[in-house]
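Working through the structure, step by step
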Amino acid sequence: MTASLDAYWMPFTANRQFKKQPRLLAKAEGMHYWTPEGRQVLDGVAGLWCVNAGHARPKIVQAITEQAAEMDFAPPFQMAHPKAFELAEAVAKLAPEGLNKVFFTNSGSESVETALKIALAYHRARGEGHRTRLIGRERGYHGVNFGGMSVGGMVGNRKMFGTMLSGVDHIRHTHDPARNAFSQGQPAHGAELADDLERLCALHDASTIAAVIVEPVAGSTGVLIPPQGYLQRLREICDRHGILLIFDEVITGFGRTGSAFGAQRFGVTPDLITCAKGLTNGTVPMGAVIAKQSIYDTFMAGPEHLIEFAHGYTYSAHPLACAAGLATLETYADDGLLTRAATLEATFAEKLHTLRDCPNVIDIRNIGLVGGIELASRPGAPALRAYDVFLDCFKEGLLIRTTGDTIALSPPLIIQTEHIDQIVATLRQALQRVA
Ligand code: PLP
């Protein structure tokens, strides 16, 4: 590489540390990346939870290429192009019954902001403008914009900017290793933690609460799987109090847990779903909010010439993203990928849990094709042990992701058993090497 590393201010990266010892990727295909020197690296994380169909899928590459030549951009305000409608329809078909209106964004963060605004505007439109409070959950991650960060529950993101949005509160997280360590699939204990929402209703009065947002499976804060019955209970409490339930499915959307959406996997239907990442297989930035018909209808009450929801992005439903999205959903259908994680879940879990006896492993959790391996932190140096495992794995040809001292795995859904074996063997050696 000829460019200096100076000018690029890298996101969510320890810039100085990285630039001393850069890790570059130059090419990708199927289950693999290659470094600029030509070293093959197995992708254990679908890029960043997004390349669900594997890299460089021909149909998607062709769709993007052709679309760029045919029409590069079309204004999305008061104008549209056919693929926006086609993709919205295709996404609505995959969504749980009743969620059939699709608002396009360009990222997970934008989807979250959009969903929170829809929730507030919806209540106002139906004469309940006093419902302004937004409830998130400790250890939630909802992107980095002000709304998502405020309802999020990650101290690292909140400490600097978390006070910018008032009227936000949080229910307790569900991580309970004392009762649930080494659970496979949904942990048995913790449904009652949903009752924490009742506590907030009692504190603030339910009539002030617009929406609750949770990830069905929290990824970025350490792979936290919902306890059996937890999401059902949250749904019941929301229904009882007229509170909207938002599932942030930015990582669980598009097959990650074995169904199109986590909502279907867990059998709980929210009022709004936010998604992104797998929507275009990570190729062109795109996100979406999927809303219930009744929410959309509530907006459609005023004079017809007025804009019903004053919100949108220059790149909402961008033609390249729509082309990529359509080809992605076709690829998922062609290869049966939206249910493949369910087929592989038992094998993935069995092999992953063999790492239980490795040094410093204090918990292993899994669902669909998501795995979390939690390590004991080094005294006084949280996150460093997992980071060293990450470096060791990358050196040995495996890309993983770490969050705190938890290793997160979310491989492309095209993964084969031999890749799972390679992931587990590489991790075993790394865990044995890293003290
Ligand atoms: N919500 C969840 C649950 C996520 O996992 C992420 C990203 O990982 C986001 C929102 C933010 O998405 P983006 O980085 O595309 O803005």
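The rules we used
Residues numbered from 1 in each chain as written. Predicted model: local features only at pLDDT ≥ 70, side-chain atom pairs only at ≥ 80, totals over all residues. Near = placed C-beta within 6 Å. Helix = DSSP H or I, 4+ residues; strand = E, 2+ residues; numbered from the N terminus. Nonpolar A, V, L, I, M, F, W, Y, C, P; charged D, E, K, R; others polar. Buried ≥ 20, exposed ≤ 12 C-beta atoms within 10 Å, placed from the backbone. Core = buried A, V, L, I, M, F, W, Y, C linked by C-beta atoms within 7 Å. Domains from an automatic or database assignment. Contact = placed C-beta atoms within 7 Å. Pairing = 2+ DSSP bridges. Axes fitted to C-alpha atoms, helices over the stretch in contact; angles between N-to-C directions. Parallel < 35°, antiparallel > 145°, perpendicular 65-115°, else oblique. Left-handed = near helix turned anticlockwise from the far one by under 90°. Expected span 1.5 Å × (residues − 1). Arc of directions from axis to C-beta.

Surveying the vicinity of the ligand reveals 14 residues, the closest of which are Ser107, Gly108, Ser109, Gly143 and Val250. It is helix α5 (residues 108-125) that provides the largest number of residues to the shell around the ligand, a total of three residues. Taken together, the residues of the shell around the ligand sort by class into five nonpolar, seven polar and two charged.

Once that is clear, we can look at unusual backbone geometry. With the exception of glycine, most residues fall at negative phi, and the peptide bonds are largely trans. Here Ala46, not a glycine, exhibits a phi torsion of approximately 50 degrees, which is positive. Relative to the helices and strands, Ala46 resides in helix α2 (residues 46-49). The residue Asp205 is not glycine, and still its phi comes out positive at about 80 degrees. On the basis of neighbour count, Asp205 is assigned to the exposed category, with 12 C-beta atoms found within 10 Å.

On to the nonpolar core, then. Ranked by size, the top nonpolar core spans 121 residues in total, and within it Ala119, Ala211, Val212, Leu234, Ile246, Leu272 and Ile290 carry the most contacts. Per-element accounting of this core gives the leading share, nine residues, to helix α13 (residues 319-334). Counting only domains with at least three residues in this core, you end up with domain 1 (15-52 + 337-433) and domain 2 (62-334).

In this structure, Asp388 sits in helix α15 (residues 384-395). Linking Asp388 and Ala430, residues 42 residues apart in sequence, is a C-alpha distance of 8.5 Å.

Glancing now at the domain arrangement of the protein chain. As a measure of interface size, the accessible area lost when the parts come together is often cited. Under the domain assignment, the protein chain is made up of domain 1 (15-52 + 337-433) and domain 2 (62-334). For domain 1 and domain 2, the distance between their C-alpha centres works out to 26 Å. Every contact between the two is made by 33 residues of domain 1 and, on the other side, 28 residues of domain 2. Going through the elements one at a time, α2, α14 (340-352), β11 (361-367), β12 (370-375) and β15 (406-409) are the ones with two or more residues in the side of domain 1 that touches domain 2. Sorting elements by how many residues they give to the side of domain 1 that touches domain 2 places β11 first, with six residues. Its residues assigned to classes, the side of domain 1 that touches domain 2 shows 15 nonpolar, 12 polar and six charged.

If you walk across this open sheet you meet the four strands as β11-β12-β15-β14, and the pairing is antiparallel. Since the sheet does not close on itself, it has two edges, and those belong to β11 and β14 (401-403), each with one partner. For this sheet the average axis-to-axis angle between neighbouring strands, irrespective of direction, equals 20 degrees. With three bridges connecting them, β14 and β15 associate as antiparallel partners. In the strand pairing of β15, Arg401 is matched with Ala408. Across the face of the sheet, α14 comes into contact with β11 and β12 while running at roughly 175 degrees to β11.

For the rest of this paragraph, the subject is the sheet that holds strand β3 (residues 40-43). Spatially, the four strands line up as an open sheet ordered β1-β2-β3-β13, and their pairing is mixed. The open sheet has two edge strands, β1 (27-29) and β13 (398-399), and neither has a second partner. Relative to β3, strand β2 (residues 32-34) is paired through three bridges, and the arrangement is antiparallel. Residue pairing for β3: His32 is matched across the bridge by Leu42.

Further remarks concern the packing of helix α3 (residues 58-70) against α13. Between α3 and α13, whose axes approach to 8 Å, the crossing angle comes to 155 degrees. In terms of orientation, α3 and α13 fall into the roughly antiparallel class. Crossing handedness for the pair α3 and α13: right-handed. Along its contact with α3, which presents Lys59, Ile60, Ala63, Ile64, Gln67 and Ala68, the element α13 presents Pro319, Leu320, Ala323, Ala324, Leu326, Ala327, Thr328, Glu330 and Thr331. Looking at side-chain class alone, the contact of α3 with α13 contains 10 nonpolar, three polar and two charged residues.

The next subject is helix α4 (residues 82-94). For α4, which comprises 13 residues, the first-to-last C-alpha distance of 19 Å matches the rise-based estimate of 18 Å (1.5 Å per residue) to within 8%. When we look at burial in α4, the residues that qualify are Lys83, Ala84, Leu87, Ala88, Val91 and Leu94. All buried residues of α4 fall inside an arc of 135 degrees around its axis, so they share one side. Exposed residues pointing more than 90 degrees away from the buried face of α4 are listed as Pro82, Glu89 and Lys93.

Turning next to the environment of Glu97. Mapped onto the fold, Glu97 is located in the loop between α4 and β4 (99-105). Note: C-alpha distance between Glu97 and Val370 (273 residues apart in sequence) is 25 Å.

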